[in-house]
Amino acid sequence: MRSQNYGQQAVLVFETGEPVMETLKRWLAQHQINGGSFTAIGGLRQVTLKYFNTTTRSYEEREINEQLEVLHLTGNVGLLNGQPFVHAHITLGTREYQTYGGPFGDGVVPPVLELVLRRVGGTLTRRENAESGLTELYPEASRFA
Amino acid sequence: MRSQNYGQQAVLVFETGEPVMETLKRWLAQHQINGGSFTAIGGLRQVTLKYFNTTTRSYEEREINEQLEVLHLTGNVGLLNGQPFVHAHITLGTREYQTYGGPFGDGVVPPVLELVLRRVGGTLTRRENAESGLTELYPEASRFA
Amino acid sequence: MRSQNYGQQAVLVFETGEPVMETLKRWLAQHQINGGSFTAIGGLRQVTLKYFNTTTRSYEEREINEQLEVLHLTGNVGLLNGQPFVHAHITLGTREYQTYGGPFGDGVVPPVLELVLRRVGGTLTRRENAESGLTELYPEASRFA
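To start, this report covers the structure provided alongside it.

Rules used in this analysis
- Residues numbered from 1 in each chain as written.
- Chains lettered and ligands numbered in written order.
- Predicted model: local features only at pLDDT ≥ 70, side-chain atom pairs only at ≥ 80, totals over all residues.
- Heavy atoms only, no water.
- Buried < 20%, exposed > 50% of the residue type's maximum accessible area, 1.4 Å probe, protein only.
- Helix = DSSP H or I, 4+ residues; strand = E, 2+ residues; numbered from the N terminus.
- Arc of directions from axis to C-beta.
- 1 Å grid on protein atoms, 1.4 Å probe; cavity = no way out; pocket = protein on both sides within 12 Å on 5 of 7 lines; lining within 4 Å.
- Points joined across faces, edges and corners; volume = space filled by probe spheres on them.
- Nonpolar A, V, L, I, M, F, W, Y, C, P; charged D, E, K, R; others polar.
- Contact = heavy atoms within 4.5 Å.
- Buried area = accessible area lost by both parts, 1.4 Å probe.
- Salt bridge = Lys/Arg side-chain N within 4 Å of Asp/Glu carboxyl O.
- Least-squares fit on C-alpha atoms with pLDDT ≥ 70 in both.
- Polar contact = N/O pair within 3.5 Å; in protein donor to acceptor, adjacent residues only side chain to side chain.
- Pairing = 2+ DSSP bridges.

1. Digging into helix 1 (residues 20-30) of chain B
Residues and elements named next belong to chain B.
- Where helix 1 is concerned, the buried positions are Val20, Met21, Thr23, Leu24, Trp27 and Leu28. For helix 1, the angular spread of the buried residues around the axis is 165 degrees, confining them to a single face.
- Once helix 1 ends, the next one or two residues include Gln32, with phi positive near 50 degrees.

Take a look at the structure:
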């Protein structure tokens, strides 16, 4: 993965064979990113999509093994128990220009994925909510603002 | 709704039962946001989608009462006659990972919607264009740039 | 096309009859934008979608002549051989709220397209990779960071 920091922003280019979520979380830990959001476009294979079932309060999963265009991957990054946490949703396109999508589990790149990250200058804390079954976002005040 | 300002950016977390557009416009008025753009992901029920019919020059509407993933909600905020105006488009995902979308009317959250807003540092003025039937965007020069 | 610069950001409003890619590239050259990302919403007709075939290592194309909502157009801008280069993916919505999408070739606006661009403060260099058939992104260090 090639990456470059530009002040509040960073550009990450994932290469063939890299699992996006795992690679992104390692980068976030290395660069001590406590809060931000990102957008990515590119291509993926071996994608895991999730769907949050509000009745059972748990995620259902589906794996896809097909070459797909990432029309849009957007997410928020923060900390859960001091570790990087990523919440992202994806829209995928097929060779026939059909689309599907859902919450993003993970995916392996080929041929490439370009991601632009923007820090918020504060910590986006995540806390598990046993009642809803979700890991909810609590934006904390910046030390600078 | 929980929110936090981070300089040019803000993070808003909508909670169960909150209508997104109404809640967002009230927040924009309170924080005197004259221009910016946002991206949101999460889940919605009771969504109203719109479609601008370029022949009749008016919006058609459809209401959906189903638990849906918000794969992507993106919009621009500005002022129309001095009041907050939001123009947003949404892509939704079903439990079967199918997608649909259109211009966003409104939607009620459960379980949660996370929105990141970025101000532009100037006013994005909206003016009604009787000929096109649209409320068009006129970006005004910043006082700072 | 109406446009306004706001420091690191810019807002571009494309008007009826304008080809998006051609108009955007001309604006990028005039404003000497070497690196950034953008998001746009609006409407298009005469859209060209692309699909990168990883087996043949080339793009397949499809043209659409229909009034469509742009649910989301996102892209990265940089330089290829010193000239503006745009890599963008689009999600489109029909009057029946169905969606399709893919890599964006070009499209002609009616009725309007609103685009928000954010510079990264460095150069996003593109280089042609003969092996993969892709024009790959190499983010370069900022002179300021």
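2. Side note on empty space enclosed by the protein
- Enumeration over the complete set of coordinates arrives at 1 cavity of 30 Å³ or more.
- The space that makes up the largest cavity amounts to roughly 270 Å³.
- Considering the residues around the largest cavity, the lining is formed by 33 residues, among which Thr39(A), Arg118(A), Thr39(B), Arg118(B) and Thr39(C) are closest to the centre.
- Considering only residue class, the lining of the largest cavity consists of 12 nonpolar, 15 polar and 6 charged.

3. Brief notes about the interface of chain C and chain A
- At the interface, 42 residues of chain C touch 29 residues of chain A.
- Three residues stand out in chain C for area buried against chain A, namely Tyr51(C), His89(C) and Pro139(C), and they jointly supply 21% of the buried area on that side.
- At the boundary of chain C and chain A, one finds 4 salt bridges.
- Elements with a minimum of two residues in the side of chain C that touches chain A: strand 3 (36-53), strand 4 (58-64), strand 5 (68-80), strand 6 (83-93), strand 7 (99-108), strand 8 (112-119), strand 9 (124-129) and strand 10 (134-139) of chain C.
- Here the element with the most residues in the side of chain C that touches chain A is strand 3 of chain C; it accounts for 6 residues.

4. Quick word on the interface of chain C and chain B
- On the chain B side, the residues contacting the 29 residues of chain C number 42 residues.
- For the pair chain C and chain B, the two sides together bury roughly 2,900 Å², of which 56% comes from carbon and sulfur.
- In this structure, the connection of chain C to chain B is made through 4 salt bridges.
- With a shortest N-O distance of 4.0 Å, Glu136(B) and Arg2(C) are connected by a salt bridge.
- Elements that contribute at least two residues to the side of chain C that touches chain B include exactly strand 1 (2-6), strand 2 (9-15), strand 3, strand 5 and strand 8 of chain C.
- The element best represented in the side of chain C that touches chain B is strand 1 of chain C, accounting for 5 residues.

5. A closer look at the relation of the copies chain C and chain B
- Once chain C is rotated about the relating axis by 120 degrees and shifted along it by 0.0 Å, it coincides with chain B to within an RMSD of 0.0 Å. Look at the turn and shift together and you get a three-fold axis relating the two. Taking C-alpha positions as the reference, the residue of chain C nearest the rotation axis is Thr99(C), at 3.7 Å.
- A low fraction, 14%, of the interface residues of chain C reappear at the interface in chain B, so the copies pair through non-equivalent surfaces.

6. A few points about the relation of the copies chain C and chain A
- Each copy of the sequence occupies a distinct position, and chain C is placed on chain A by a rotation of 120 degrees and an axial shift of 0.0 Å, giving an RMSD of 0.0 Å.
- Here only 10% of the interface residues in chain C have copies in chain A that are interface residues too; the copies meet through unlike faces.

7. Points about the side chain of Asn53(A)
- If you trace the backbone, Asn53(A) turns up in strand 3 (residues 36-53).
- Side chain to side chain, Asn53(A) and Glu60(A) meet in a polar contact 2.8 Å long.
- In this structure, Asn53(A) is in contact with Ser58(A), Glu60(A) and Arg95(B), ignoring residues within four places of it in sequence.

8. Notes on the pairing of strand 10 (residues 134-139) of chain A
Residues and elements named next belong to chain A.
- When strand 9 (residues 124-129) meets strand 10, the two strands line up antiparallel, connected through 6 bridges. Residue pairing in the sheet places Asn129 in a bridge with Leu134 of strand 10.
- Connecting strand 9 to the antiparallel partner strand 10 that follows it, the hairpin turn spans 4 residues, and Gly133 within it adopts a positive phi of roughly 85 degrees.

9. Some points on the environment of Tyr97(B)
- Within the element layout of this structure, Tyr97(B) appears in the loop between strand 6 (83-93) and strand 7 (99-108).
- Residue Tyr97(B) is classed as buried on the basis of its relative accessible area, which comes to 4%.
- Sequence separation between Tyr97(B) and Leu68(B) is 29 residues; the distance between their C-alpha atoms is 9.7 Å.
- Those residues in contact with Tyr97(B), other than ones at most four positions away along the chain, are Leu49(A), Lys50(A), Tyr51(A), Glu60(A), Glu61(A), Arg62(A), Tyr100(A), Gly101(A) and Gly102(A).
- A distance of 3.4 Å separates the side chain of Tyr97(B) from the backbone oxygen of Glu60(A), its partner in a polar contact.

10. Focus: unusual backbone geometry
Residues and elements named next belong to chain A.
- Across the junction of Pro110 and Pro111, the peptide omega takes the value 5 degrees, indicating a cis bond.
- The phi angle at Arg57 is positive, at roughly 55 degrees, despite the residue not being glycine.
- In this structure, Arg57 sits in the loop between strand 3 and strand 4 (58-64).
- The exposure class of Arg57 is partly exposed, given its relative accessible area of 46%.
- Of note in this structure, Asn81 is not a glycine but carries a positive phi near 55 degrees.

Bear in mind that shape data such as this cannot, by itself, settle questions of function.
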